[in-house]
Every structure is written in C-alpha cells, then in structure tokens.
Amino acid sequence: MSSINASFRNARPMQLADALQNARDYTLTLFECFAAAGMDVAANVPQLRIVNPPLWELGHIAWFTEWFILREAATSHPADAIYNSLLSRGDDWFDSNTVAHRSRWTLDLPSTGAVKTYCHEVLDRVLDKLTREAFEDKALYPYRLALAHEDMHGEALLYTLQTLGLAAPARLVSDQQPCYTPVDIRFPGGTLHLGSAADGGFVFDNERRDHACHVAPFTISSSLVSNAQYAEFIADGGYDKRQFWSTAGCNWLMQQERSAPRYWQREGQQWRTMRFGQLSTLTGAEPVRHINLYEAQAYCVWADRRLATEAEWEYAALSGHSAFRWGHLWEWTASPFEPYAGFVADRYREYSEPWFGSQQVLRGASFATPSRLGSAKFRNFYLPERDDIFCGLRTCAWDR
C-alpha cells in the first residue's frame, strides 16, 4: 500500500507529508474545474444550501489546516489559536463557525490567485513543521485531523461538480461500479465492540467510546440495491403510492414533486442519468445512487425489507465475509446520528455534537472517498433529504 493510501489514523510523518500533498493537489485540481466554468467568482455560483462558493471552500480548507497546525489552536473556539493567520482577515473570511453560510457569497475575499498562494504557503510551512514532529499520536493529531478534513472537502467538491452539472477530470471519476448478483447473508449475531478504542492512532469523537453491543441474528444483502431493482419500484408506482412513504417522506415528496431519483430522466423505455454534466444510459446492474433516506425507506417498505442498523452494518463489514462488499457508495442505515455513551467533543468541537439528533448515519465509503479515510468504524452523517452525495442503500430481511 502506498503512503498516500495508508490509513491516515496511524500514518507516520512521512506518510502524512505525502498524503497532505496528495490531498492538496486533488483539491486544487477540482477547484480548477470550477474556475474553468467561471465559478471561482461567487456571483456565478448558485446560492444552494448544499454547496459553498468554491473560492471560499478552497480558502477554508487551507485556513483550517493553518488553524490547527501552524497556529496551534487548542480547539476550534475562535479565541483558541496561539498565532495569527498569514492572512490579515483570515478568521473573518474562512472560519465556518462564525461566517454564516449565506454570507459566503458576499465576502470581499482575496483574488483567486491570492487564495491559491495562501494554500501553497500554508502547505509548505506545514510540511516543513512536520519534518520536526515525533511519531507520537498527540503530536500528529492536528496533521491527521487536517488531512481528514481536506479529504472530506475533496469528496464534497466532487459531488458539488455533479450538483452544478460541471465536468470533472476523467481520471477522478472512473466510477464504474462493480456489478454483483445480490445474495442474502445470514449472520449469527453476538457481541460487537462498537466504536473505536482510543488507545493509539486517530479516533473521531463520535466513535468514542468503544463499547460492547449485542447484535441479534440478522440477514443482510451482500450488495447494494441496483438501478434495475429500483426501477421496478418506480414502475410499480413507488413514488405515487403513499403507503410506502413515512410522514416525513411524504412531506418531502410533495415539496419536490419527485417521481424518480435525482438526475434520472426517462427516454422512451430507457432510464438515463446526468453524470457530471453528461447524459448517459443507466446500467441496470450498477448500484442506484443519489438516493435520500426517505427514498431508501420507501423502497424497503415496497420490497418488504428494511435498512440495517449501524451496529448490524459494522458487524457485517468486520466479519470478513467474502460476499459482503462495501466501499462503492455511502449506505443509509436505520440509525439516527446519536452520541455513544460517554461522548466528549474533541478539539474540532463542531464536528459531531451540533448534528446529533437531526442527521442520519451512513456507513461505508464511496468511489470518491480516499482509501486512507475508509474504515468500517467511520460514521458519516447527513440530513435525511440529502441526495446530492454519493450514496445508495443495502437492505436486510425481516426476521419473522
């Protein structure tokens, strides 16, 4: 495994240096896609709740890295940095905790060239500082945090290109999904140690504390629901029959007037979809993507199935069963995003705590997730209505 793909959680200084450079190259490559479309200018970017102006996002990524590594901030509290930013108004521009989302379109940001120069300068200083760090978890924590933060924003930038109908470099979206024949896998259940132990390496605060959890016997599909399976749901009136939908799902459906997944278009007897601004024919055996929680739940009711809990999903992913395949799309679970017992917010205080109770857990990874970030322990989370992310669903059988 190359150093840029090794898990960031236990990465050594040299591995971190390679990965931080790789992440920044990726960020800048995606930013150029927006710039080529004139969207480095905020006025040209649609004001959507699910996107940021790309120039602001680029500056924020570098600012976050500077904040925790170069400025040695104890936490994300606005008063907790020891040193000043390289930018005279860096905190006023790029602190996501104090800069409201809607105001990011009207900030008097530096020029595109100046923000890119800031990105390069921050990374150069970070890599220089990293050469003097010991291979100790405490010393490397801010570097690992900054890397994970940039990798998450990198995936967000890619699905923002999809949201805005912009092209992405072909080498970054070689996303042909593997096509497997789904089979049900029966697991006997037992005791699972849910969460991550804090006895070495990087751990996200929402993974703490690691604790024993009883998992009852369950049956789960070996692979994700396919486009063809989901098309059967549509053909059977899935979006018209309210009995398949929860109350919240019905409310969302009426507001959207949706009759198929986001980006699907019917042409004659075929379904086609928009992928990064290009219309293409859906492959029936590929996993269905851009499905929100309400759609996933409705499909399950129609199919007389259910979503897995996050404990069931983690149990299956850690089992080593050769037929259980994951990592192609994020997978909705039946579990609301809640803290584990004994939760304490980490230095990045706003990473988890503000979102408990309002968001839903997704597990796995997507084709756009760097392998160094992937883990069967990772708890992703989004609002139930989000369908812009690279997500799908896997079902479980009911035990009756």
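These numbers were taken from a predicted model, which means no experiment stands behind them. (Residues numbered from 1 in each chain as written. Predicted model: local features only at pLDDT ≥ 70, side-chain atom pairs only at ≥ 80, totals over all residues. Heavy atoms only, no water.)

Enquirer: Got a minute to help me understand the pattern of salt bridges in this structure?
Expert: Charged atoms that come close allow side chains of opposite charge to pair. In the structure shown here, the tally under the stated rule is 29 salt bridges. Note that K116 is salt-bridged to E32, the shortest N-O span being 2.6 Å. Of the two residues, K116 sits in helix α4 (residues 112–130) while E32 sits in helix α1 (residues 13–36), which places them 84 residues apart along the sequence. A cluster of three or more residues bridged by salt bridges with shared partners is formed by E310, E314, R363, K377 and R379. (Salt bridge = Lys/Arg side-chain N within 4 Å of Asp/Glu carboxyl O. Helix = DSSP H or I, 4+ residues; strand = E, 2+ residues; numbered from the N terminus.)

Enquirer: Looking at this model, I keep getting lost on the sheet that holds strand β4 (residues 218–221). Mind explaining?
Expert: Strands in a sheet are paired, the pairing made by backbone hydrogen bonds, and the direction either parallel or antiparallel. Strand order across the open sheet formed by four strands is β1-β4-β13-β8, with antiparallel pairing between neighbours. Whereas interior strands pair on both sides, the edge strands pair on one side only; in this sheet they are β1 (184–187) and β8 (305–307). Averaged over neighbouring strand pairs, the angle between their axes works out to 40 degrees when direction is ignored. With three bridges connecting them, β8 and strand β13 (residues 395–397) associate as antiparallel partners. Within β13, the position partnered with R305 by the bridge is A397. Sitting on the sheet, helix α8 (residues 293–303) touches β8 and β13, and the angle it makes with β8 is about 155 degrees. The strands that helix α9 (residues 310–318) touches are β1, β4, β8 and β13; relative to β4, the one it contacts most, it runs at about 70 degrees. (Pairing = 2+ DSSP bridges. Axes fitted to C-alpha atoms, helices over the stretch in contact; angles between N-to-C directions. Contact = heavy atoms within 4.5 Å.)

Enquirer: Sorry, what's going on with helix α7 (residues 247–256) here?
Expert: Counting along an α-helix, one turn takes 3.6 residues, and residues three or four places apart therefore face a common direction. Looking at α7, one finds that the buried residues are G249, C250, W252 and L253. Along α7, the residues classed as buried sweep out an arc of 165 degrees about the axis, all on the same side. Set apart from the buried face of α7 by more than 90 degrees, the exposed residues are T247, M254 and Q255. (Buried < 20%, exposed > 50% of the residue type's maximum accessible area, 1.4 Å probe, protein only. Arc of directions from axis to C-beta.)

Enquirer: Where do I start with the packing of aromatic side chains in this structure?
Expert: Geometry of an aromatic ring pair is reported as the spacing of the ring centres plus the angle between the planes. As enumerated under the stated definition, the model contains 38 aromatic pairs in all. Ring geometry for F233 and Y299: centres 5.9 Å apart, planes at 80 degrees, overall edge-to-face. A residue pair is termed long-range when its members are at least 10 positions apart, and F233 in helix α6 (residues 227–235) and Y299 in helix α8 qualify at 66 residues. By relative accessible area, Y299 is classed as buried at 6%. Stacked on the ring of W56, the Lys or Arg R104 has its end atom at 4.0 Å from the ring centre. (Phe/Tyr/Trp six-rings, centres within 6.5 Å; stacked < 30°, edge-to-face > 60°. Lys NZ or Arg CZ within 6 Å of the ring centre and 35° of its normal.)

Enquirer: Mind showing me how you'd approach the packing of helix α2 (residues 54–70) against α4 here?
Expert: Two numbers describe a pair of packed helices, the interaxial angle and the distance between the axes. Here α2 crosses α4 at 25 degrees, and the two axes come no closer than 9 Å. The angle between α2 and α4 falls in the class roughly parallel. The two elements α2 and α4 cross, and the hand of that crossing is left-handed. Contacts between α2 and α4 involve L55, L58, G59, A62, W63, T65, E66, I69 and L70 from the first element and T112, V115, K116, Y118, C119, V122, R125, V126 and K129 from the second. (Parallel < 35°, antiparallel > 145°, perpendicular 65-115°, else oblique. Left-handed = near helix turned anticlockwise from the far one by under 90°.)

Enquirer: Looking at this structure, I do not really get the nonpolar core. What am I missing?
Expert: Soluble, globular proteins show a tendency: their nonpolar side chains are buried together. Of all hydrophobic cores here, the largest spans 105 residues; its most connected members are L158, L161, Y230, W245, W264 and L393. With twelve residues, the single largest contributor to this core is helix α5 (residues 137–163). Ignoring sequence-local partners within four residues, the contact set of L161 consists of L30, C33, F34, L166, A167, A168 and F276. I185, F218, Y315 and Y340 belong to the second largest nonpolar core, which has 19 residues in total. (Core = buried A, V, L, I, M, F, W, Y, C linked by side-chain atoms within 4.5 Å.)

Enquirer: It is not clear to me how the sheet that holds strand β6 (residues 270–275) should be interpreted in this structure. Could you clarify?
Expert: Taken together, the three strands give an open sheet; going across it, the order is β5-β6-β7, and neighbouring strands pair in antiparallel fashion. Because the sheet does not close on itself, it has two edges, and the strands there are β5 (264–267) and β7 (278–281). Averaged over all pairs of adjacent strands, the angle between strand axes in this sheet comes to 35 degrees, irrespective of strand direction. Pairing geometry for β6 and β7, over four bridges, is antiparallel. For T273, the partnering residue across the bridge sits in β7 and is S280. Each of β5 and β6 touches α6; the most contacted strand, β5, lies at about 75 degrees to it.

Enquirer: How should the side chain of R386 be read in this particular structure?
Expert: Of note, R386 is situated in the loop between β11 (380–382) and β12 (391–392). With relative accessibility at 15%, the residue R386 sits in the buried group. Side chain to side chain, R386 and D388 meet in a polar contact 2.6 Å long. (Polar contact = N/O pair within 3.5 Å; in protein donor to acceptor, adjacent residues only side chain to side chain.)

Enquirer: I'm lost on the side chain of R305 in this one. Help?
Expert: Counting through the fold element by element, R305 comes out in strand β8. Classification of R305 as buried rests on a relative accessible area of 16%. Look past the residues within four positions of R305 in its chain and what remains in contact with it is D184, S221, C300, T395, C396, A397 and W398.

Enquirer: Where do I start with the environment of L329 in this structure?
Expert: If you trace the backbone, L329 turns up in the loop between α9 and β9 (330–336). Owing to a relative accessible area of 0%, L329 belongs among the buried residues under this scheme. The spacing of L329 and L393 is 64 residues in sequence and 8.2 Å in space, taken between C-alpha atoms.

Enquirer: Looking at this model, I keep getting lost on the pairing of β6. Mind explaining?
Expert: Looking along a regular strand, one sees side chains alternate from face to face of the sheet. Across four bridges, β5 lies against β6 in antiparallel orientation. Residue pairing for β6: Q265 is matched across the bridge by R272. The hairpin turn running from β5 into β6, its antiparallel successor, is two residues long, and G268 in that turn takes a positive phi close to 65 degrees. Counting the residues between successive antiparallel strands, the hairpin from β6 to β7 contains two residues, one of them, F276, with a positive phi of roughly 50 degrees.

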